[in-house]
Amino acid sequence: MNSQTTKTLSLIVGAILIATLPFWAGDQYQLHLAALIAVYWILIAGLNLVVGFTGQLSIGHVGLLSIGSYTFAILAGKMGVDPTLSVFVSGLLGGLCGLALGLPSLRLPGFYFAMATMAFSMIVNEIVLAQVDLTGGGIGLPGPMFPKPFDSPIGFYYLVTAIALFVTWLTWNIARRMWGRAFISIRDNPVAAQAVGVPVFKAKLLAFVFSGITAGVSGAVFASLQSYITPDTFVFELSMFFFVCIIIGGRGSIIGPFLGTVVLTALPELVSPLAKLGNFFYGLLLLVVVLVVPEGIGRMFEIISERLRPRTVHREPITPDLNRLAKALKVRE
Amino acid sequence: MSAMQSELQAINVSKQFGGLSALDQVSLSLRPGEVHGLIGPNGSGKTTLLNLLSGYYQPTSGAIKLGDEDLSLASVQRRAAVGVARTFQKPRLLPMLSVLENATLGAWSHSESGFVASAVSLPSVAREDKKFLEQTTELLHGIGLGHVIHRRANLLDHAEQRFLEIARGLAMRPSFILLDEPAGGLTTQEIEHLSQVIHTLRSSGIGVLLVEHHTDFVFRISDRVTTLNVGNMIKHGASDEVRTDPEVIRVYLGA
Amino acid sequence: MLTVIVTGLAIGMLYASIALVYNVMFSTSKVLSVTTGHLSMVGGVFGAYIISVLQMHWLWGLLGAVLAGATFGWLTDVLAIRRVLARSDEHLWLLSTLALATMVQQGVGLWWGTEPKPFPRLITQEFGAGLMDQKFWLPIGMAIVMTIGLEFFYRKTMYGKVFIAMSEDAFAARARGVSTDKIRLLSYVLSGALGGLAGFAAGQLTFAFFALGHTLTLLGFIALAVGGLGSNIGALIGGAALGLLNSFASYYFGGEYQQTIAVGLLMVVLLIKPEGLLGAKNVRPV
C-alpha cells in the first residue's frame, strides 16, 4: 500500500470518526471536549498560515480570540442581535484587528514583533477590563446560545465542526498552491521571495487578516461553548498554547498542527496528573520539541519512516537535455 | 513586444555606502540573446553592480533602465515582474520544499490567482497551478534535474542547488538572467553542462549576465565582457578584446 | 506630583535593570531571551521566601536571589541556547527561551502559589516614610549601581573586554582563541545574577508574584527597545520613560489604562524608529 493510498484512507477514516463522534464519544464531557478542539482549531488553522507558513511570530492571538468572544457576547447576548450575524461581525472585526496586528511586521524584526503581539494581547485585556459598561469588566459576560438546532450539545458540535472543516479546506487550498509556496518563501528565505516577485508585506498582511477572521469566528463560538466569559479566560498562556500546537505539529503542514491541537487539548483533560501541571507541561513539551525535533512531531514520523525504508540515495550526475530545455523556454505564456 | 528587444542597462551608476565608494560611474548594457561576462577581483564592485541591476540597492547617481523604463528606484519585485531574474552567490532555496515546488515558485509573477480565489479553489486556480507545475517540470528535465524533481531541497548537493536556482529563475520566464558566480564549487564536467545551458538560454533570446571568477569559463562563453577594478570599469567590449587587454591582464589575470 | 514621578522612576528602574540584563545576554549570544523578566521574578520570590518564610537575615535573601538568578541564567544557556544556536534557524531560540520561561513561571506558581505575596522590608523603616521609602530608592539605586558596575566591568576587566570583543565579532573572537561557549555561559550567569538582584531590589514594589515573569519580559524589552539595543544608558532612559508614562497615565486616567497608554505610546515610538533612541541601525541583509 503506497503512501498516497494510506493518506486517503486515513482521511476517510478520520472523516467518518469525526462525523459520528457524538455517537461513540463516552459522555457529554468528551463531546464538549471535541467541540472545544474544533473551536480551537478554527483559530489555529488560520494562525497556522501566519506562524507555520509565513513564519511570523505572533504570540498575541488570544487578544483576537478575546475580541471575537466579547463582540459575540455583546451583540448576540446584550444587544439581542441574531447570533449568525454576530458571528460574521466577530469575524470581520477579528480580521480588522488582525490587520492592525500584522502592520508592525513591516518595521519590526522577529523578537521585536513577537513582543509587540504580546503587548497587543495585554492591551486588549486591559481595555476589556476597563470598559465595564460594555464588557462587564472583571465579572464578564454570558455567552449566548445559537438557535435550534444548534442549541443542543450535539447540534453545537456539528456547527463548530462544519465551520472547522470549512476553514481547514480554505487553508489546505492556500497551502498546496502558489500562495502556499509564496508564504513559505517569506518564512524560509525572504530575499528569494522578493527575487521572484512575491509582495512580502502584502502577503504577510493577507495572512494576518485571514487569521484574524478565523480568530474572530472562533472567539464567537468559543463564547457560546463556554457559556460565560471573563477576562481571566484570555490569558497569555492561551496564546502560547495555540503557538505550541503549530510548532509541535510541524510548520508548513495542515494535518500536523491539527493533530497537535487534538493531542494538546485532549491530553491534560484525559491524563489528570498532566492537568495539574497545566502550562508547565506545554512549556516542557515545547522545549523538548525545539531541542530534539524542531521540525515538529509531524516531521518526526517522516524521519522515522525514512530510516525504516532502505536508504538509497542515487547520486546521478546532472545531464541537461538541451532540446527539451529550448522547447521549455519557448513556451512564453 | 518591444521589451524583448530592449536592453537592460546601467548608465553611469555610482554607489556609495556612507563614505565608501563601491562603484564609480560604471556603465554596462545587457542585450537580449547575448552572454555578457562581468569580471574583476574581490571588492571590485561586481556584486554591487549586480545588486543595483536586480534592485537590492538603489544607485547614488546614474540610472538603471530596461528599454525606456527607468528602474533605478523600482523594487526587486517590480524587476521580477518586468523579466529580470537572478541567482545568488550562495543559493537561496526553500529547504523544506521539493525541487519542483522550489522551481515553480519562480512562476509567481505570472500567477493571476488571488488569495481569495485560491482559498476557495476556483477551477482557474487549479488549471493555472497544473500548468505551472507542468511547465516547470519540463524546465527541470531540460536543465538536468529530472532525477531529483521530488527530492527535498535540503537534500541536494551543491551543484544541484545551483542548477535549481537557475531553473527557478527560468520559471520566471525572464528576458534577462543575472548569474552570480554560478560555477562556484562545480566540477569541470558540471561547468561544461552549465556552459551548454547558458548557450541554450542565449539562443532562446535571454540576455545572460555572468558574474564569475573562473575567467577561462567567462571568456569562452561570453560575447562581451566588462571588467571592473575597485569600483571602476577598466575595460569592456568583445570577449577576445578584453581578454588580451594589457591592463586587464595586469590587474586581474596576473602576469 | 512628586510621588507620581518617584513611583514612576522606581518601577521604571526595574524595567531598566531588565533591559541591562537583555544587553548583557545579547552581547555574547545575539539572542534576546524571553527568560529575562523571569530572572527578576525568581529573585523576588526567592528573596521573599528566604526572608519571610525561612526567617533569615535579608543578606541571605539577597544572596539567595542572586544565586537563584545566576542558576536560572546558567540553565537558560545550557538548556535553551547552547544547542539551538548551533542550528541556523534564528527563531528557534525564541521558542526555546519561551518554553523555559513558561516552565519556570508555572513551576514557581505551583510551588509558591498564585497569589502575589508581600515582599518583606529590608531595612527597618516606618511605612509612612513617603518618598524616602526604601521601596522607591532600592530599585533606583540598584539600577544605577548595576549600570556603573557594568561600565567598570566592560572597561577595566579582562572578561568585560572579551564580552565586547564577542559582541562586535564573535567569529574573530573565536579565531583569537576565545572560548565563545564559556564566555557566553559566563554572560548568562552574570545576567541571571543581575536579574535576580534587580527583582530582589524591586520586590517591595512588585510583590513576590509568579506571574510577573512574562509581564516583566515585555516591559523590560520595551525599555530596551526604546533606549536602543546595546546601550546601557539607553536602557536607563527607556526604563525611566516607560515607568514615568505608566505612573502619569495612572494619575491622570486612573489605573485602568496605564499599560495601554504607556505601551501603546512606546510601540508607536518603535514603529517610527525601530532601532531606538541610542541604538545602531541594522546592516542590509543581502
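Residues numbered from 1 in each chain as written. Chains lettered and ligands numbered in written order. Predicted model: local features only at pLDDT ≥ 70, side-chain atom pairs only at ≥ 80, totals over all residues.

## Thoughts on the overall build of chain C
Line of reasoning, step 1. For chain C, the helix and strand inventory stands at 12 helices and zero strands.
Line of reasoning, step 2. Secondary structure elements in chain C, listed N-terminal to C-terminal, are α-α-α-α-α-α-α-α-α-α-α-α.
Line of reasoning, step 3. For a compact globule of 286 residues, the expected C-alpha radius of gyration is about 19 Å, and chain C comes in at 18 Å, within 12% of that figure.
Line of reasoning, step 4. Structurally, chain C occupies a C-alpha span of about 60 × 45 × 35 Å along its principal axes.
Line of reasoning, step 5. Of the contacts made within chain C by residues no fewer than 6 positions apart, 78% connect residues no fewer than 24 positions apart. (Helix = DSSP H or I, 4+ residues; strand = E, 2+ residues; numbered from the N terminus. Rg over C-alpha atoms; globule rule 2.2 N^0.38 Å. Contact = placed C-beta atoms within 7 Å.)

## What about the interface of chain A and chain B?
Line of reasoning, step 1. Taken together, the contact between chain A and chain B spans 37 residues of the former and 50 residues of the latter.
Line of reasoning, step 2. Elements with a minimum of two residues in the side of chain A that touches chain B: α7 (153-176), α8 (178-188), α9 (190-195) and α16 (322-330) of chain A.
Line of reasoning, step 3. Residues belonging to the side of chain A that touches chain B are distributed by class as follows: 22 nonpolar, seven polar and eight charged. (Nonpolar A, V, L, I, M, F, W, Y, C, P; charged D, E, K, R; others polar.)

## Points about the domain arrangement of chain B
Residues and elements named next belong to chain B.
Line of reasoning, step 1. The assigned domain composition of chain B is domain 1 (23-83 + 175-183 + 207-255) and domain 2 (93-173).
Line of reasoning, step 2. One C-alpha centre belongs to domain 1, the other to domain 2, and the line joining them spans 28 Å.
Line of reasoning, step 3. In terms of residue class, the side of domain 1 that touches domain 2 is built from four nonpolar, no polar and no charged. (Domains from an automatic or database assignment.)

## So, the packing of helix α5 (residues 134-156) of chain C against helix α8 (residues 180-201) of chain C
For any two helices packed against each other, the geometry comes down to the angle between their axes and how far apart the axes lie.
Residue and element names in this part refer to chain C.
Line of reasoning, step 1. Closest axis-to-axis distance for the α5/α8 pair is 8 Å, and the angle between their directions is 155°. Taken together, α5 and α8 sit at an angle that is classed as roughly antiparallel. Between α5 and α8, the contacting residues are Leu138, Pro139, Met142 and Met146 on the first element and Leu194, Leu197, Ala198 and Ala201 on the second.
Line of reasoning, step 2. Within the contact of α5 with α8, the residues separate by chemical class into eight nonpolar, no polar and no charged. (Axes fitted to C-alpha atoms, helices over the stretch in contact; angles between N-to-C directions. Parallel < 35°, antiparallel > 145°, perpendicular 65-115°, else oblique.)

## Examining the interface of chain C and chain A
Line of reasoning, step 1. Between chain C and chain A, the residue contacts involve 36 residues of the former and 33 residues of the latter.
Line of reasoning, step 2. Only α3 (58-86), α4 (92-112), α10 (212-227) and α12 (258-272) of chain C provide two or more residues apiece to the side of chain C that touches chain A.
Line of reasoning, step 3. The residue makeup of the side of chain C that touches chain A, split by class, is 22 nonpolar, nine polar and five charged.

## Some remarks on the nonpolar core
Most often, soluble globular proteins have nonpolar side chains that are buried together.
Line of reasoning, step 1. Counting residues in hydrophobic clusters, the biggest one holds 275 residues, and the most contacted among them are A:Val244, A:Leu286, B:Ala167 and C:Ala223.
Line of reasoning, step 2. Looking at this core, the element that brings in the most residues is helix α2 (residues 28-53) of chain A, giving 17 residues.
Line of reasoning, step 3. Residues from two domains meet in this core; each of domain 1 (23-83 + 175-183 + 207-255) and domain 2 (93-173) of chain B gives at least three.
Line of reasoning, step 4. Look past the residues within four positions of C:Ala223 in its chain and what remains in contact with it is C:Tyr15, C:Ala16, C:Ile18, C:Ala19, C:Ala235, C:Gly238, C:Gly239 and C:Leu242.
Line of reasoning, step 5. Counting five residues, the second-largest nonpolar core is a separate cluster that includes C:Phe163, C:Met166, C:Ala173 and C:Ile183. (Core = buried A, V, L, I, M, F, W, Y, C linked by C-beta atoms within 7 Å. Buried ≥ 20, exposed ≤ 12 C-beta atoms within 10 Å, placed from the backbone.)

## Quick word on helix α4 (residues 83-102) of chain A
All names here are of chain A.
Line of reasoning, step 1. Between its first and last C-alpha atoms α4 spans 28 Å; for 20 residues at 1.5 Å apiece the expected length is 28 Å, and the two agree.
Line of reasoning, step 2. Looking at α4, one finds that the buried residues are Pro83, Ser86, Val87, Ser90, Gly91, Leu93, Gly94, Gly95, Cys97, Gly98, Leu101 and Gly102.
Line of reasoning, step 3. Summarising the contacts, the buried residues of α4 are in contact with α3 (61-78), α5 (110-130) and α10 (200-226). (Expected span 1.5 Å × (residues − 1).)

## Comments concerning the sheet that holds strand β2 (residues 20-30) of chain B
Residue and element names in this part refer to chain B.
Line of reasoning, step 1. A sheet is described by the order of its strands in space; here four strands give the open sequence β2-β1-β4-β5, paired in antiparallel fashion. Looking at strand neighbours, the two that pair on one side only are β2 and β5 (69-70), the edges of this open sheet.
Line of reasoning, step 2. Sheet analysis places strand β4 (residues 61-66) next to β5, joined by two bridges and oriented antiparallel. By the bridge assignment for β5, Lys65 is matched with Asp70.
Line of reasoning, step 3. Sitting on the sheet, helix α2 (residues 46-54) is in contact with β1 (8-17), β2 and β4, with an inclination near 120° to β1. (Pairing = 2+ DSSP bridges.)

## Let's talk about the packing of helix α2 (residues 36-53) of chain C against α4(C)
All names here are of chain C.
Line of reasoning, step 1. The N-to-C vectors of α2 and α4 enclose an angle of 20°; their axes lie 10 Å apart at closest approach. In terms of their interaxial angle, α2 and α4 are classed as roughly parallel. Every pair of crossing elements has a handedness; the one defined by α2 and α4 is left-handed. Touching His38, Met41, Val42 and Val45 of α2 are Ala101, Val104, Gln105, Val108 and Trp112, all from α4.
Line of reasoning, step 2. In terms of residue class, the contact of α2 with α4 is made up of seven nonpolar, two polar and no charged. (Left-handed = near helix turned anticlockwise from the far one by under 90°.)

## A look at unusual backbone geometry
Line of reasoning, step 1. Of note, the phi angle at A:Ser227 is positive, near 60°, even though the residue is not glycine.
Line of reasoning, step 2. By secondary structure assignment, the location of A:Ser227 is in the loop between α10 and β2 (228-229).
Line of reasoning, step 3. Backbone geometry places B:Gln25, a non-glycine residue, at a positive phi of 50°.
Line of reasoning, step 4. Counting through the fold element by element, B:Gln25 comes out in strand β2.
Line of reasoning, step 5. Judged by local crowding, B:Gln25 falls into the partly exposed class, with 14 C-beta atoms found within 10 Å.

## Some points on the environment of B:Asp180
All names here are of chain B.
Line of reasoning, step 1. With respect to the element layout, Asp180 can be found in strand β7 (residues 176-180).
Line of reasoning, step 2. Overall, Asp180 belongs to the buried group, with 22 C-beta atoms counted inside 10 Å.
Line of reasoning, step 3. Taking the C-alpha atoms as reference points, Asp180 and Gly43, separated by 137 residues in sequence, lie 14 Å from one another.
Line of reasoning, step 4. With residues near it in sequence (within four places) discarded, Asp180 still touches Thr47, Leu50, Arg86, Thr87, Phe88, Gln89 and Val211.

## What to know about the sheet that holds strand β8 (residues 207-211) of chain B
All names here are of chain B.
Line of reasoning, step 1. With respect to topology, six strands assemble into an open sheet ordered β6-β7-β8-β3-β9-β10, the strand pairing being mixed. With partners counted over all chains shown, the strands left at the sheet margins are β6 (84-86) and β10 (232-238), one partner each. Mean inter-strand twist for the sheet, computed between neighbouring axes without regard to direction, equals 15°.
Line of reasoning, step 2. Sheet topology note: the β7/β8 ladder contains five bridges and is parallel. Residue pairing for β8: Asp180 is matched across the bridge by Val211.
Line of reasoning, step 3. Here helix α8 (residues 188-203) sits on the sheet in contact with β3 (35-39), β7 and β8, set at roughly 145° to β8.

## Description of the pairing of β2(B)
All names here are of chain B.
Line of reasoning, step 1. In this sheet, β2 lies alongside β1 in antiparallel orientation, the contact comprising seven bridges. Looking at β2, one finds that Val13 is bridged to Val26.
Line of reasoning, step 2. Taking the residues between adjacent antiparallel strands as the criterion, β1 and β2 are bridged by two residues, where Gly18 takes a positive phi near 60°.

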